[in-house]
There are 2 protein chains.
Amino acid sequence: MKEFDLHAVTLNDTFWQNYQKLVKEETIPYQYQVLNDALDVDVQAEREDASLPAGKSHALENFRIAAKQNDGEHFGWFFQDSDVYKWIESAAYSLINQKDEALIIVVDEVVELLAAAQEEDGYLNTFFQLTRPELKYRQLYFSHELYCAGHLVEAAIAYDLATGKKQLLEIAEKNVQNIMQHFGREAGQIQGADGHQEIELALVRLFEHTDKEIYLDLAAFFLEVRGEDPHFYAQEIAENITQGLSTEQPTVDLMYLQAYDQPKHQREAKGHAVRMLYMASGMAKVAQHTKDQALTEACVAIWKDIAHKKMYVTGGVGGTVHGEAFIGAYDLPNDTMYCETCASIALVQFSFEMFKLTQDHQYLDVLTRALYNSVLSGASIDGKQFFYVNPLEVMPDSCHHNPDKGHVKTQRPDWLGCACCPPNFARMISSLQRFVYTREGDTLFINLFAASRLTCAEQFTIQQFGNFPFDDQVTISYSGIAQKIVLYKPKWLESVQIESEQVWQETRETIIFEATTKIQAKITFQQPVQILRANPLVNQDINQVAIQRGPFIYCLEEADNGKGISQCRLPIDQVNFRVTENQKLWSTTLEISFDGYQSQRWTQEALYLPMKEEYSSKNWRMIPYHLWGNRGEGEMRVWIPLSTSFNQKI
Amino acid sequence: MKEFDLHAVTLNDTFWQNYQKLVKEETIPYQYQVLNDALDVDVQAEREDASLPAGKSHALENFRIAAKQNDGEHFGWFFQDSDVYKWIESAAYSLINQKDEALIIVVDEVVELLAAAQEEDGYLNTFFQLTRPELKYRQLYFSHELYCAGHLVEAAIAYDLATGKKQLLEIAEKNVQNIMQHFGREAGQIQGADGHQEIELALVRLFEHTDKEIYLDLAAFFLEVRGEDPHFYAQEIAENITQGLSTEQPTVDLMYLQAYDQPKHQREAKGHAVRMLYMASGMAKVAQHTKDQALTEACVAIWKDIAHKKMYVTGGVGGTVHGEAFIGAYDLPNDTMYCETCASIALVQFSFEMFKLTQDHQYLDVLTRALYNSVLSGASIDGKQFFYVNPLEVMPDSCHHNPDKGHVKTQRPDWLGCACCPPNFARMISSLQRFVYTREGDTLFINLFAASRLTCAEQFTIQQFGNFPFDDQVTISYSGIAQKIVLYKPKWLESVQIESEQVWQETRETIIFEATTKIQAKITFQQPVQILRANPLVNQDINQVAIQRGPFIYCLEEADNGKGISQCRLPIDQVNFRVTENQKLWSTTLEISFDGYQSQRWTQEALYLPMKEEYSSKNWRMIPYHLWGNRGEGEMRVWIPLSTSFNQKI
C-alpha cells in the first residue's frame, strides 16, 4: 500500500487545520528561536537529575561551532543535532501546506550551515566532531549517530518534496554514503547497529524517494545485524578501553535497545519504547517492499502485544521512567508511567505502516487513539509548551512530594534539555494528511474522516466534507477512474446510515464501493458517549471507567470541577451525559458533563474507619484529554471511579 | 509514665510466646551464624543497585580485623557494626525470658571482641577505624558513628539487665565519654548531630538505666543542635575537601535527615522514615524527663501527621524508595511504597513513648496496628528470612518487569546487605512484654491484652488470662497495694461486658478501677470482622476496602485463591464473613472467608471495551497480613475492590 504525495492532499478539516495553523504560525517560529537560544525560556531537564542537560538548547550553535563559524564547546545531548533536523522537516511540511518565502530563506540558511559543518567524507554529527572525533561510529551503544542521520534523511526528503531544492538531500545522501562505507558485511566494516533505531525507517523512505535499492538493502542490513552478535556492544566498549580511546563503561542492557535477539525473532514490546517503535516501523516498512515474512510475523506479534496488553487508553505507551520503557503485560500505572509524546507519535507511525503492510483496519483503531489523544496532549494550545511525559492522573501535591513522580511534570515546560518531543510533534502535525488516503493497486483507501480533497494527477478527485468528529455526518464525493474505494469506519461509530445512489457493502470495519467511477455518499452516524472498561487484568483501572466520545478520551480537570476530582463517583447504572460545545479552550471542543456523586470528606481526622462511603450530588465536567493542562497547575484524571453503594447517597 | 523491669513481667500469651520462642530458638542462632559468615545464605542488596553491599555480612569479621585478630578489609555498610549490637540486644532480652548459659558464653565472646576492637580513648566504629581513621566524627552527614553508638548503648543496657555483667556497659559508657569529649558547646567541640538519629533515644535509656544526668543532657543537646546551623553538614564536607581529607561531595538534603530546622520546630513527618521516627522517639523520651513543652508539641504534631495522613492500614510508613522516605499527605501507593520493617518498629517505639509522655490512649491504637501487622510481616514463620519492604499489593510479574518496583521483593531474602531490619525485629519481639504494663504515680496501666503476670516487688501481682485476640474474653486478676488500674480497650472491640465484684468505670478507650486492692474481672467482647474504608483523600484506595479482625489486617493470597486475586470483588451490601481456625500456617490463626464475586476475564483480546463488568461467584479466603509470603511466590493484596454493579452477576 502506498501513500500519496503530500501535495495532492488538501486538508480543509477545521480541527486539523487549526492544529496545522498553530504549528505553522506559532510552533515552528518559536522552535527556531529556541534552537537558536534567542528566547529567554525555561529549558527543563526531562526528569529530576542534576547531571542532565538543561538551561538552553544550543542545537544550532553546535553546528556553527562544528562549521568553525563560531568558537565554543558542544552543549547538550549527543543527539542534539536531531532537534534541528526535525525542525527542518516540520518547516518543510508546513511549506507544502502553505507557501512562505521567508521561511524558505531561514531553512536555506540552516541547510548552508549543515553543509558547512559536514566533513569532507560526509560524516556529520556535531557531538562526535567536537568532543570525541576518535570515537566516531565506535560508541554505537549510546552514540545516536545513525539515529541523527535518520532524522537528517527524513528532513532532506521533506525539504526536497516541499521546495525541489536538492542541497539538503545531497548532504543526507553523502552522510548515508559515509555510513555505507563504515557499516556492512565486508571485511573491516562494522557489523552492528546504532543503539537508537531510526536510520532503518529513514532509509526505506529514502529508497521510496530516490528509488535507489542500496538504501533499502542498508535498512534491511541494520535490521538483520541487530542482536545477531550479543557481544557486539560489550566488545566495542572493551576495545575502546583497550585502545585507550575511552574510559566509559556503560552497563550493556540488550533489552533496553532491543538487541537481545534479531528483530525478526522478537515477539514482545520490550525496553525503551521509542526505540522499540521506531525499529518496528522500520521493520514494517522493509517488509512492505521485501515481503519478508519473518519481519512481518514479528511486527504483527509486537503490535498485538502493545495494543492488547501494553497501551494506555490515551494511546500512550511506556510504563516506567527507568529506561523510558515498556513494562509487563496489563501493567499500566496511571500516575508514574512515562507515556512519552515521541512514543505515541511512533505508535501512530508503526500502526500506519502495519496498515500499509497488511490492509488490516485494526491498525487504524490504534492510530486514531494515539493521534487524537496522547500525541496532541504533547503540546499546549499556544503551541509553545510541551510535555515529554503524558500522565493519566495528576495530583500536583503528589508530583511535588513523591520522588517516584519526579518525571511527571504538572505543567508543560517551555522546552526540554532532551527536546526530542517538541519538533516530533510539529513534524507529525504538519504532515498528517499523509494518513488520510492510501492506495494499493486499484483500491483507494480512506483512512480518516477529515474534510479534505485528494486530486490524483488526471485520474480522480475525491473529497470529504463535514466537521468530523464534532458533527455526526460525513459526505464523500468521488469522480474519476473506476476503482474500489474502501472507507474505514471508526470503531466508536454507531447507527451508521449511508445514503448513496451507488452500491456499497458494509463490513464491521469498512464501507466498500466496488469498481466505481463516481460516488456521492452521505454517511450519518451517532457518536455516543462511551463508558470504557479496562481489561480486568489491568490492576490499576479496577472499578473505574474511561469516557470516550468520538476519537477523544475525556478527563476531569480541577479547572472545571475544583479540587478533589478523585472524589468523583460515576453512577454507572443511571448516568446521563450532556455534550455541549465549549469554544473557550480550543475552537470547537465538546465538553461532557454528567450528574454524579462526590465522595464526602470525613469530619473526623482519621485514615481508616469502619464506615460506608457517603456521597453528595455533583455535576461533573470533562474535557478532551488532549486539552488538559492548559489552565494552570491542577488535578487531572482520566479513569473515573464508579459509585459502589447508591443507598449511601446523602 | 514508667516501664517495669522486664524481669517482672512473664508473658504466657500463646501468640506472643510463639513469636518469642521462634526468635529465641531460630532467629538468634541463625543471625549469629550469618553475622559470622558461617552459613551459605543469599545475602541480597535491598534494592536493584550493583553498587550496594551484598553477598555476605562480614559484620563480626570487621570487628576481628579492627581488633587486629584477623587480617582483611572492612566490608559492608558504614553502619554494619549496628547489626552486631542489635543481635546482642536481642540475645540479652531472650536471656531475660529464658536462661541459656551457652548463649551467654557466645555473647561474652562477642563482648570480648568489642573490647578488643575499641580504641584506647573509647572510640569504636570499625568502618572508620579500618578505612578512614582521619575522618572520625568528620563525616556526620552520612557516617552513622553515633547511630552505631546508640545501638551499642541499647545492647549494653539489655545485657546488663539480663546478666548483671558490666563489661559491655563499660564499653558503651567509654564510647559515650569519647563522644562527649568531641561534641558539645565548648570551644573546639563539634556543634552538630549524626546524620542518622538513634543516639538520642539511647542516651535517655542510658540515663534511665544509670541515673547519670549527663546522658540526658547529651541527648537534649543533640536534639537542640540538629538543624540549628543549616550549613553545618555542607561546611563539614567542604572542610574535609579543603584539608585534603576527602574528595566525597554528597548532595546535602537537610529534609532527608530532618535537619532543615530544629526538631522542636518540626511539625510534619518528612524525609527518611526510620531517622524521622528514631528522632521523634528520642524527642518524646527527653520530654518525658525534662517536661520540655516545645519538644512535646513537636512530637504531638508529627505523630498526628503520620497517624492521620501518612500511615498504611498495616502500620507501614514511608511511601517511596527514594530516600526511604515519607511523601505527601494522603499519598499512599500500595505497590511502590517502602514500608520498611524498621520504620514500623520505630513507629511502635515512638507511639509507646508518646503514650508514656501523655497517657493518651490513642497512641496505643497505632502501636497495636503496626505491631501486629507491618512489624510481624518483616519475618518469615521459620524466623530465618526477612523483608525490608512490606508492600500492600504484590503482583510478581509486575515486580519482575517494572523497575519502579525493583525494591519490592516478592519473597523474604535470607539476609540483606543492609541488614538493619532482621535484628531490629528480633530485639523488638524478644522484649515486647515491655509494652504490656506501665505505671505513673499510683496508677497501673494495662496497655495490651496478653496473658501474662506482673509481680512488682512486694507491692502487687497482676495477671491476665485468655487467648487474646483469638478468643473474645480476657480475665484480670489483681491483688496488692491500693492503686488505680486503667485497662486499654482496643478500638475494634464491640459489645464489651465486664463481670466483676469490684466497681469500675468505662470510658470510650478504657476500663478504670479506682484505688483498689483486689480485682477479679472477666471482660467479654466481640471482635467482628470490620470492613475498613480509607479516608476519601487517599487516591490509591478508592472503591476498595480493607478487612480487619481484632488487631489483624487481612490479605488475599494466591496460595489460597489461585491467580487473579485482583479480580476479587467484595459485595459490600450483603457480605457474610466466616471466621475459621487455620493451624497450618501458624499456631492459632484465624482465616476469614466470604462469598464474593470474581470479575470475569474477557474472551476478546482487548484492553478497552465499552462493556459492563461481569462477575461469577467465588468464595475468597483471607489470612492475616503478617503471615503473607510464607508459601512461595504469589500474588497478594490488602485492599479488596468492591463490586460495583450487582445486576451484572452471571
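Bear in mind the structure is a predicted one, so any value in this text is a computation, not a measurement.

Here is what the cut-offs are and how they apply
- Residues numbered from 1 in each chain as written.
- Chains lettered and ligands numbered in written order.
- Predicted model: local features only at pLDDT ≥ 70, side-chain atom pairs only at ≥ 80, totals over all residues.
- Heavy atoms only, no water.
- 1 Å grid on protein atoms, 1.4 Å probe; cavity = no way out; pocket = protein on both sides within 12 Å on 5 of 7 lines; lining within 4 Å.
- Points joined across faces, edges and corners; volume = space filled by probe spheres on them.
- Nonpolar A, V, L, I, M, F, W, Y, C, P; charged D, E, K, R; others polar.
- Least-squares fit on C-alpha atoms with pLDDT ≥ 70 in both.
- Contact = heavy atoms within 4.5 Å.
- pLDDT = per-residue confidence, 0-100.
- Helix = DSSP H or I, 4+ residues; strand = E, 2+ residues; numbered from the N terminus.
- Expected span 1.5 Å × (residues − 1).
- Buried < 20%, exposed > 50% of the residue type's maximum accessible area, 1.4 Å probe, protein only.
- Polar contact = N/O pair within 3.5 Å; in protein donor to acceptor, adjacent residues only side chain to side chain.
- Disulfide = S-S within 2.5 Å.
- Core = buried A, V, L, I, M, F, W, Y, C linked by side-chain atoms within 4.5 Å.

*Asks:* Got a sec to walk through empty space enclosed by the protein? Specific residues and values, please.
*Replies:* What the rule picks out here adds up to 14 cavities of 30 Å³ or more. In this structure, the largest cavity encloses a volume near 590 Å³. Every residue lining the largest cavity is counted, 30 residues in all, and those nearest its centre are A:Asp335, A:Gln540, B:Asp335, B:Asn539 and B:Gln540. Split into classes, the residues belonging to the lining of the largest cavity amount to five nonpolar, 14 polar and 11 charged.

*Asks:* Pulling in residues and values, what's your account of the relation of the copies chain A and chain B?
*Replies:* It takes a turn of 180° to lay chain A on chain B, together with a shift of 0.0 Å along the axis; the resulting RMSD is 0.0 Å. Look at the turn and shift together and you get a two-fold axis relating the two. Closest to the rotation axis within chain A is the C-alpha of A:Thr644, separated from it by 2.4 Å. The residues that chain A uses at the interface reappear at the interface of chain B in 100% of cases, marking a shared surface.

*Asks:* Mind laying out the confidence of the model for chain A, listing which residues take part and the relevant values?
*Replies:* Mean pLDDT for chain A: 96, with 99% of residues reaching 70 or above. Taken together, the stretch residues 646–650 of chain A has pLDDT below 50 and engages in 15 contacts with residues farther than four places along the chain or on a different chain.

*Asks:* Before we move on, could you go through helix H4 (residues 101–117) of chain B and cite the residues and values that matter?
*Replies:* All names here are of chain B. Given a rise of 1.5 Å per residue, 17 residues ought to cover 24 Å, and the 24 Å separating the end C-alpha atoms of H4 matches this to within 8%. Considered for burial, the residues of H4 that qualify are Leu 103, Ile 104, Val 107, Val 110, Val 111, Leu 113, Leu 114 and Ala 117. Buried positions along H4 lie against helix H1 (14–35), helix H2 (59–66), helix H3 (81–97), helix H5 (126–131), helix H6 (145–163) and helix H7 (167–182). Near the N-terminus of H4, the side chain that reaches the backbone nitrogen of Ala 102, with its oxygen 3.1 Å away, is that of Asp 100.

*Asks:* Can you tell me about the state of the cysteines, naming the residues and giving the values?
*Replies:* In the structure shown here, the tally under the stated rule is zero disulfides over all chains. Free of any disulfide, A:Cys421 has its nearest cysteine sulfur in A:Cys342, 3.5 Å distant.

*Asks:* With reference to specific residues and values, describe the nonpolar core.
*Replies:* In terms of nonpolar packing, the biggest core is built from 235 residues, with B:Trp16, B:Tyr19, B:Trp87, B:Leu168, B:Phe222, B:Ile462 and B:Val638 touching the most fellow members. Per-element tally for this core: the top contributor is H6(B), with 12 residues. Judged by nonpolar contacts, the second largest core, of 233 residues, contains A:Val9, A:Phe127, A:Phe232 and A:Val317.

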